[in-house]
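Residues per chain, in single letters:
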Amino acid sequence: MTEERKNSLIPLAIGAVALLSCAGMIAAGVAMLRQSKGATPADDLARRLAAIHDMPVTAPDCGAVFKGEQPVVIVVMGQSNAANHADPIPPAAAPVPPMPVLHLGGCGMSTAPVPGGTGTGGSLWPAVHQALGGRWQGRPIVWAVVAVEGSSIAEWTAPDSALRAYWQTQMDRIKGTRWPVAAVLWQQGEADVRARTAMADYRDALAALRAGVAARGVDAPWWIARSTYCPPQDGGQVREAVRELLAIPGSGFRAGPDTDTLGPSLRNGCHFTTDGAARAAAMWAEVLAPAARAAP
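About the thresholds
Residues numbered from 1 in each chain as written. Predicted model: local features only at pLDDT ≥ 70, side-chain atom pairs only at ≥ 80, totals over all residues. Heavy atoms only, no water. Buried < 20%, exposed > 50% of the residue type's maximum accessible area, 1.4 Å probe, protein only. Helix = DSSP H or I, 4+ residues; strand = E, 2+ residues; numbered from the N terminus. Pairing = 2+ DSSP bridges. Disulfide = S-S within 2.5 Å. Expected span 1.5 Å × (residues − 1). Contact = heavy atoms within 4.5 Å.

J.: I'd like a description of the pairing of strand E2 (residues 99-103), backed by residues and values.
T.: Across the five residues that make up E2, a large majority, five, are buried. Connecting E2 to the next strand, strand E3 (residues 106-110), in antiparallel fashion are two residues, including Leu104 with a positive phi near 50 degrees.

And the structure:
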């Protein structure tokens, strides 16, 4: 083959390679589009549940911390701001000591990311534990976190929801320890603000969720945060639902902190910055301290 003939074939070869590359990219894009169209809300929830952190195999056992005392359990439930989606604490900052965490029946010492929650960043609860001195009415605290990013009240309560099955399993394991539950902390609402859930629907679903948890043997007071900040949506409907629940005598609900007051300078989108998480943790500790200090 002459040199002239070889040179004339080079543009054709380059064009063929480019054509094949484009065809491959188009095929991949079509496959991704088909996959996304085929995904269901149940698939999305399953993906989020799969991101829940297990107890690290290297986590020290809780027993050495309890020193023969029977602990009390504080249960945390909610979505990303109850999980591990705050900005992580910078390496140069003073580390927050690990706290006892109960997860699927096992108890170990852990800091953020806390087992039982999604996300790989910071968490409010180690700082809350530290601020309470790790004790509730004279007994050591162990934390049980059930927190899934983006979870709506419907996902918590729907009969066929995988999240409902998950928290039921967690409650059964907590009950199986025979450790009393002192409090349930609820930090959720942003997903329902985005979904524009009606006030009455949210109010009734949250009351039903509390009743369902109690029916599993975990019957303790619930502290509810006002946790709806996720611009540009307005959280009025969810906030009003919380107000109504707190106004019902004997409802079992108590006022948690209003973390909606922590504005854009303390946020990374809908989630807390490091400073925002510290402020939110301090607000939770302030609300809980009177009950924690009370005589048993």
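Picking up where we left off.
J.: Lay out the state of the cysteines with the relevant residues and their values.
T.: Inspection of the entire model under this criterion finds two disulfides. The disulfide partner of Cys62 is Cys107, and the S-S distance across this bridge is 2.1 Å. Disulfide Cys62 to Cys107: torsion about the S-S bond roughly -90 degrees, handedness left-handed. Placement of the pair is Cys62 in the loop between helix H2 (41-50) and helix H3 (63-66) and Cys107 in strand E3, with a sequence separation of 45 residues. On the basis of relative accessible area, Cys62 is assigned to the buried category, the value being 1%. Among the residues examined, Cys107 registers a relative accessible area of 16% and is labelled buried.

J.: Any chance you could break down helix H10 (residues 274-293) for me, citing the residues and the numbers?
T.: An ideal rise of 1.5 Å per residue puts 28 Å on 20 residues; H10 measures up with 27 Å between its terminal C-alpha atoms. Along H10, the positions that sit buried rather than exposed are Gly276, Ala277, Ala280, Ala281, Met283, Trp284, Ala285, Leu288, Ala289, Ala291 and Ala292. The elements touched by buried residues of H10 are helix H4 (125-131), strand E4 (135-136), strand E6 (181-187), strand E7 (222-224) and strand E10 (271-272).

J.: Break down helix H8 (residues 199-215) for me, citing the residues and quoting the values.
T.: Taking 1.5 Å per residue, 17 residues should reach 24 Å; H8 reaches 24 Å between its end C-alpha atoms and fits that length. Phi turns positive, to about 95 degrees, at Gly217, one or two residues after H8.

J.: Can you explain the pairing of strand E1 (residues 72-78)? Please cite residues and give values.
T.: Burial of E1 is extensive: seven of the seven residues sit out of reach of the surface. Residue alternation in E1 divides its side chains into two sets, Val72, Ile74, Val76 and Gly78 and Val73, Val75 and Met77, and both sets are buried. As judged from the seven bridges shared by E1 and strand E5 (residues 139-147), these two strands associate in the parallel manner. In the sheet register, Ile74 faces E5, and the bridge partner there is Trp143.

By themselves these figures say nothing about function.
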